[in-house]
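Analysis of the macromolecular model
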Protein chains: 2
Amino acid sequence: MDTALAFPAGEDQLCCAPSERPAIDAAHATSAAQVLKAFADPNRIRLLSIVKAGDGGEACVCDLTEPLDLGQPTVSHHLKILVDAGLLKREKRGTWAYYSVVPGALERAAALITNL
Amino acid sequence: MDTALAFPAGEDQLCCAPSERPAIDAAHATSAAQVLKAFADPNRIRLLSIVKAGDGGEACVCDLTEPLDLGQPTVSHHLKILVDAGLLKREKRGTWAYYSVVPGALERAAALITNL
DNA sequence: TCAATATATTGACAGTTGTCGATATATGCG
DNA sequence: CGCATATATCGACAACTGTCAATATATTGA
């Protein structure tokens, strides 16, 4: 259970102008890559997109397995990766598990790229 | 040579508000993942960062192999992946190869995430 | 032309990842 | 309780990826 360090906290404000900022160190690169790795698969991209576009910004596994044309275990696997990366959150209601995008998570992930 | 489709062109303006946008299709997800995959490795993150922070926004391979503690072939390999993804461009001057970030590429890559 | 340097390419190998089928674990309902 | 449904976990396997050593390909300079 490598449960989500996800977004290291703090680190929101920038020390100086982008053109003057020094290169990031190995530790930051590793944690950034850990999050960005979650976007490195087409099916996970689609999962994020479908969940975000879903009614109420959420979707359950049963809504996701068909449009992706993947087996249910594989979908669960990808969802776990997205949750561990801090991008999705899981809420169980009855028999169903509803996934939704963690507020601000996509923007923070995008900032990892623009703030390089 | 799977030379960079990179950023598919067009697709810059959005059809509607983010909350109303439908989920992206498989083809878009695949091309987005192709670019984002380039960010899925800590050493490539550092390469981008070091190049961007370098003098004149560029760096040659010889400047990159030492701080990353990687062999020269491995650095060349990662640089090729970043070039193929449309993130870096290569300019050969004499014996040296200078790499620099393609203008706007990081912002476009980040937009692939926020526009999900 | 020949040697030295910088970079790219190749081939190999271990480690990781995406996928599936089978199975386990809930949860709700008769 | 016992069955059906929804989801998660496990084990296996092929495909992909990151790394290195060895080698190839410029390019410069003597």
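Values in this document were obtained by computation on a predicted structure and should not be read as measured data. (Residues numbered from 1 in each chain as written. Chains lettered and ligands numbered in written order. Predicted model: local features only at pLDDT ≥ 70, side-chain atom pairs only at ≥ 80, totals over all residues. Heavy atoms only, no water.)

Turning our attention to the sheet that holds strand β3 (residues 96-101) of chain A. Working definition: the strands of a sheet are paired by backbone hydrogen bonds and lie parallel or antiparallel to each other. All names here are of chain A. Strand order across the open sheet formed by three strands is β1-β3-β2, with antiparallel pairing between neighbours. The sheet is open, and its two edges are formed by β1 (58-60) and β2 (88-93), each paired on a single side. On average, adjacent strands in this sheet sit at an angle of 30 degrees to one another, irrespective of strand direction. Strand direction decides the pairing type here: β2 and β3, joined by six bridges, are antiparallel. When the bridges of β3 are listed, Arg93 appears paired with Trp96. Helix-sheet contacts for helix α2 (residues 42-53) involve β1, β2 and β3, and the interaxial angle to β3 is about 95 degrees. (Pairing = 2+ DSSP bridges. Helix = DSSP H or I, 4+ residues; strand = E, 2+ residues; numbered from the N terminus. Axes fitted to C-alpha atoms, helices over the stretch in contact; angles between N-to-C directions. Contact = heavy atoms within 4.5 Å.)

What follows is about the protein's contact with DNA strand D. As a structural note, the neighbourhood of DNA strand D is formed by 26 residues, with A:Gln72, A:Ser76, A:Arg90, A:Tyr99 and B:His78 the closest of them. Expressed as a percentage, the sugar and phosphate content of the atoms of DNA strand D within 4 Å of the protein is 71%. One of the side-chain N or O atoms of A:Arg90 is found 2.3 Å from a phosphate oxygen in DNA strand D. Here a phosphate oxygen of DNA strand D sits 2.3 Å away from a polar atom, N or O, in the side chain of B:His78. Contributions of two or more residues to the surface near DNA strand D are made by α3 (61-68), α4 (72-84) and β3 of chain A together with α2 (42-53) and α4 (72-84) of chain B. (Near = heavy atom within 4 Å. Polar contact = N/O pair within 3.5 Å; in protein donor to acceptor, adjacent residues only side chain to side chain.)

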